[in-house]
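If you want the building blocks of each chain, they are given just below.
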Amino acid sequence: MNVNVRNPTEAIAVDAIIKNATEALLKQQRPDGHWVYELEADATIPAEYVLLTHFLAEEPNLELERKIGVYLRRIQGAHGGWPLYHGGVVDISATVKAYFALKMIGDSPDAPHMVRARGEILKRGGAGRTNVFTRIQLALYGDVPWNIIPTVPAEVILLPRWFPIHLSKMSYWARTVIVPLLVLAAKRPFAKNPRGVHVKELFLPGKVASKRAPHQSAFWSAFFGALDWVLKRLEPVWPQKLRDHAVAECLRWTTERLNGEDGLGAIYPAMANSVMMYDTLGVPPEDPHRAIARRSVEKLLVIKEDEAYCQPCVSPVWDTGLVVHALMETRDPKTHEAVTKGLEWLKPLQVLDVKGDWAEEKPGVRPGGWAFQYRNDYYPDLDDTAVVVMALDRAKEIEAPKSDYSQAIARGREWVEGLQSKNGGWGAFDADNAYYYLNNIPFADHGALLDPPTEDVTGRCIGMLAQLGEPSDSPAMKAAIDYLERVQLRDGSWFGRWGVNYIYGTWSALAGLNAAGIEPTHPMMRKATAWLITIQNEDGGWGEDCDSYKLDYKAYEQASSTASQTAWALLGLMAAGEVDHPAVERGIEWLCAHQQEDGLWPQEHYTGGGFPRVFYLRYHGYPKFFPLWAAARYRNLKTGNSRKVGHGL
């Protein structure tokens, strides 16, 4: 194909990388039509998995433990501790959990890697300075007293919705993690710990966690700190009948949302807490609810020949939706069958009959969303729904789709429209989940208790509505576009909540604004493209570190180029009409130069967002399909008559 570029050699290279990447992705499709890639976090989840099995005193799987040990040792940083992302600094909480798990597996505290880890922990004040969730793990093993854990009484679940502290005012992930944890905090069980392993050597006398996290205000911290002091002193005289009623309600709430073998909330911390809750309440292992909760955890394991780890969750709907878009972008007839199979796999996963927790805020809206995981009916999300709806709508680009997707598209659109927040934006799982004062409670030292509207999800929802024909001057679209204009940073970038970080947010916003008909000459578009061009690396790629989420962020700091972030920057620039800019050509050259023999791109860096400053994700699929998408988009715009992207992504 003759791509109309200045360098004919580049034309051949672009065609080649598209062909090779397409063939590689087609080989990775599962027999039933979907794609799913590993989703890797830090040492925390695999370490917690080891501690869970010893809390329960299960028959040990020594070979699995050995493989997890290999994994944990491999990802230990050169500094001696464990970071939250590849190449990151020591995180004391992750390091304490990894050390504890390795000691549980059988590593000697005198082994060099354990000595180095212990030194890093003690240098930072010891295990008493870890975050709340780590201290809860330590309390379960009796290594810290429960009185240093912030009090969250089980009776929280009984509070009326108008009360300032209510579960519906928290994010879905906080909700599902906290409810079974309320039972653990009320009952204060001890791990069975058959090997009798403890980590007392990680503590320094008198060193306990800071009373206030860096993101917390002095006023609110003092207020909630005083409340915690009062609750701790009331605990001995707390009415037992009320406590029993609250525990029973937590059990009912959890069991109702158990979600089969996909697990409570379909995320590891909630799933593990549900298993420990059942065990603490004396529910036997053979009970159907406890058994299925336990199986859900096992399904998160990634077991390889030499090592193993536990994923925080799985991402099949997200992966499949994005791969389908990338393959459709190639305009290759050989992809049509695979794309159709992917769409057919996605369609029945739409949640049409369950009003999840989102209905607390929007009771009049009918369900119609897709989840991130295989099943998570109580917690579909706006981002996945927008991506899937746009993919179903694009089915008309390929030959003879098997199904009529119009009803699925209509219900998805209705649900997305119904969950728009009052400020014009969209959050990930709920509408108007912006009770910011709650991030100041002592339990929220991670600062991730909420799910407010974000720039990246809003950009995706704008793109979906625009692709489906919503005029840019409709009330919903006008409010959404105004929201993006308000939150654009002075340098022209947008924050990226679910991808790292400003490159991701800027691509997401530009894609939505382009679909909505915002012209490339608009100040929003000009400022954003100027920023992307300015931050391009000398090698032609783009990169951004997870450290960009720091509270004192002032401006972009250069980082190594990655395949996924280079693709996002390219897609953003092309959405803003800059396909002919030399920066785009240089970015495409970077992709050409870094494609591997298998047709894909390497990437160890974490470019997925979990919770800023606390939890990051390495999507193993991102460097596989986003570069293909960008290269195919480039070729299409270069060889077509139009310089405008025709849909919302």
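Reading the values: the criteria
- Residues numbered from 1 in each chain as written.
- Predicted model: local features only at pLDDT ≥ 70, side-chain atom pairs only at ≥ 80, totals over all residues.
- Heavy atoms only, no water.
- Helix = DSSP H or I, 4+ residues; strand = E, 2+ residues; numbered from the N terminus.
- Rg over C-alpha atoms; globule rule 2.2 N^0.38 Å.
- Buried < 20%, exposed > 50% of the residue type's maximum accessible area, 1.4 Å probe, protein only.
- Contact = heavy atoms within 4.5 Å.
- Areas by Shrake-Rupley, 256 points an atom, 1.4 Å probe, with all protein chains shown as cover.
- 1 Å grid on protein atoms, 1.4 Å probe; cavity = no way out; pocket = protein on both sides within 12 Å on 5 of 7 lines; lining within 4 Å.
- Points joined across faces, edges and corners; volume = space filled by probe spheres on them.
- Nonpolar A, V, L, I, M, F, W, Y, C, P; charged D, E, K, R; others polar.
- Pairing = 2+ DSSP bridges.
- Phe/Tyr/Trp six-rings, centres within 6.5 Å; stacked < 30°, edge-to-face > 60°.
- Salt bridge = Lys/Arg side-chain N within 4 Å of Asp/Glu carboxyl O.
- Patch = residues over 30% accessible without salt bridge, like charges linked within 9 Å, V, L, I, M, F, W, Y side chains within 5 Å.
- Axes fitted to C-alpha atoms, helices over the stretch in contact; angles between N-to-C directions.
- Parallel < 35°, antiparallel > 145°, perpendicular 65-115°, else oblique.
- Left-handed = near helix turned anticlockwise from the far one by under 90°.

## Comments concerning the overall build of the protein chain
Reasoning step 1: A count of helices and strands for the protein chain gives 22 helices and five strands.
Reasoning step 2: Here the C-alpha radius of gyration of the protein chain, 25 Å, is about what a compact globule of 649 residues would show, namely 26 Å.
Reasoning step 3: For the C-alpha atoms alone, the extent of the protein chain along its principal axes is close to 75 × 55 × 50 Å.
Reasoning step 4: For the protein chain, with 649 residues in total, the buried portion stands at 63%.
Reasoning step 5: Nonlocal contacts in the protein chain, meaning residues at least 24 apart in sequence, comprise 75% of its contacts between residues at least 6 apart.
Reasoning step 6: In the form shown here, the protein chain has an accessible surface area of approximately 24,400 Å², with 56% of it arising from carbon and sulfur atoms.

## With respect to the layout of surface pockets
Picture a little ball the size of a water molecule; that probe, rolled over the atoms, points out where space is still empty.
Reasoning step 1: Estimated volume of the second largest pocket: approximately 660 Å³.
Reasoning step 2: Surrounding the second largest pocket, 29 residues form its lining, Tyr436, Pro452, Phe495, Pro612 and Arg613 being those nearest its centre.
Reasoning step 3: Taken together, the residues of the lining of the second largest pocket sort by class into 16 nonpolar, eight polar and five charged.

## A few points about the sheet that holds strand E1 (residues 39-40)
Reasoning step 1: The strand order across the open sheet built from three strands is E1-E5-E4, with neighbouring strands paired in antiparallel fashion. Strand pairing shows two members of the sheet lacking a second neighbour, E1 and strand E4 (608-611), which therefore form its edges.
Reasoning step 2: Where E1 and strand E5 (residues 615-619) come together, two bridges link them in antiparallel fashion. What sits directly across from Leu39, in E5, is Tyr619.

## Thoughts on empty space enclosed by the protein
Reasoning step 1: Scanning the entire structure with this criterion turns up two cavities of 30 Å³ or more.
Reasoning step 2: The calculated volume of the largest cavity comes to roughly 190 Å³.
Reasoning step 3: Trp146, Pro150, Thr151, Val152 and Ala185 are, among the 18 residues lining the largest cavity, the residues nearest its centre.
Reasoning step 4: Among the elements that make up the lining of the largest cavity, the one with the highest residue count is helix H7 (residues 172-187) (five residues).

## Section: the packing of aromatic side chains
Reasoning step 1: On inspection of all chains with the given rule, the structure shows 34 aromatic pairs.
Reasoning step 2: Residues Tyr172 and Trp173 carry aromatic rings whose centres are separated by 6.2 Å and whose planes lie at 75° to one another, so their mutual orientation is edge-to-face. For the pair formed by Tyr172 and Trp173, the shared burial category is buried.
Reasoning step 3: Ring geometry for Trp345 versus Tyr374: centroids 6.0 Å apart, planes at 85°, classification edge-to-face. A residue pair is termed long-range when its members are at least 10 positions apart, and Trp345 in helix H13 (residues 336-346) and Tyr374 in the loop between H13 and helix H14 (382-393) qualify at 29 residues.
Reasoning step 4: On the basis of relative accessible area, Trp345 is assigned to the buried category, the value being 12%.
Reasoning step 5: Ring-pair connections join several aromatic residues into one group, and the members of that group are Tyr37, Phe372, Tyr504, Trp507, Trp568, Tyr619, Tyr622, Phe625, Phe626 and Trp629.

## Concerning H13
Reasoning step 1: Taking burial as the measure, the eleven residues of H13 include eight buried ones, the bulk of the element.
Reasoning step 2: Considered for burial, the residues of H13 that qualify are His336, Ala338, Val339, Thr340, Gly342, Leu343, Trp345 and Leu346.

## Observations regarding unusual backbone geometry
Reasoning step 1: Even without a glycine there, the phi angle at Ala57 is positive, about 60°.
Reasoning step 2: Here Ala57 shows up in the loop between helix H2 (44-56) and helix H3 (62-74).
Reasoning step 3: One non-glycine residue, Ala266, lies in the positive phi region at around 55°.
Reasoning step 4: Mapped onto the elements of the fold, Ala266 is located in the loop between helix H9 (240-256) and helix H10 (268-280).

## Topic: the pattern of salt bridges
Reasoning step 1: Inspection of every chain in the model, using the stated rule, returns 42 salt bridges.
Reasoning step 2: As a salt-bridge pair, Arg175 and Asp430 come within 3.2 Å of each other at their nearest N and O atoms. Taken as a pair, Arg175 in helix H7 and Asp430 in the loop between helix H15 (406-418) and helix H16 (455-467) lie far apart in primary sequence, 255 residues in all. Residues Arg175 and Asp430 agree in their burial class; the two are buried.
Reasoning step 3: Here Lys550 and Glu557 are joined by a salt bridge, their closest N and O atoms 2.6 Å apart.
Reasoning step 4: When its relative accessible area of 23% is taken as the criterion, Lys550 is described as partly exposed.
Reasoning step 5: The class of Glu557 is partly exposed, set by a relative accessible area of 45%.

## Topic: a nonpolar patch on the surface
Reasoning step 1: A surface patch of nonpolar side chains, amounting to about 400 Å² of accessible area, comprises Phe219, Trp220, Phe223 and Leu227.
Reasoning step 2: With respect to the helices and strands, Leu227 occurs in helix H8 (residues 218-234).
Reasoning step 3: A relative accessible area of 34% places Leu227 in the partly exposed class.

## Notes on the packing of H2 against helix H4 (residues 92-105)
Reasoning step 1: Between H2 and H4, whose axes approach to 8 Å, the crossing angle comes to 45°. As far as their axial angle goes, H4 and H2 are oblique. For H2 against H4, the interelement crossing comes out left-handed. On H4, the residues that touch Thr44, Ala47, Glu48, Val50, Leu51 and His54 of H2 are Ala94, Lys97, Ala98, Phe100, Ala101, Met104 and Ile105.

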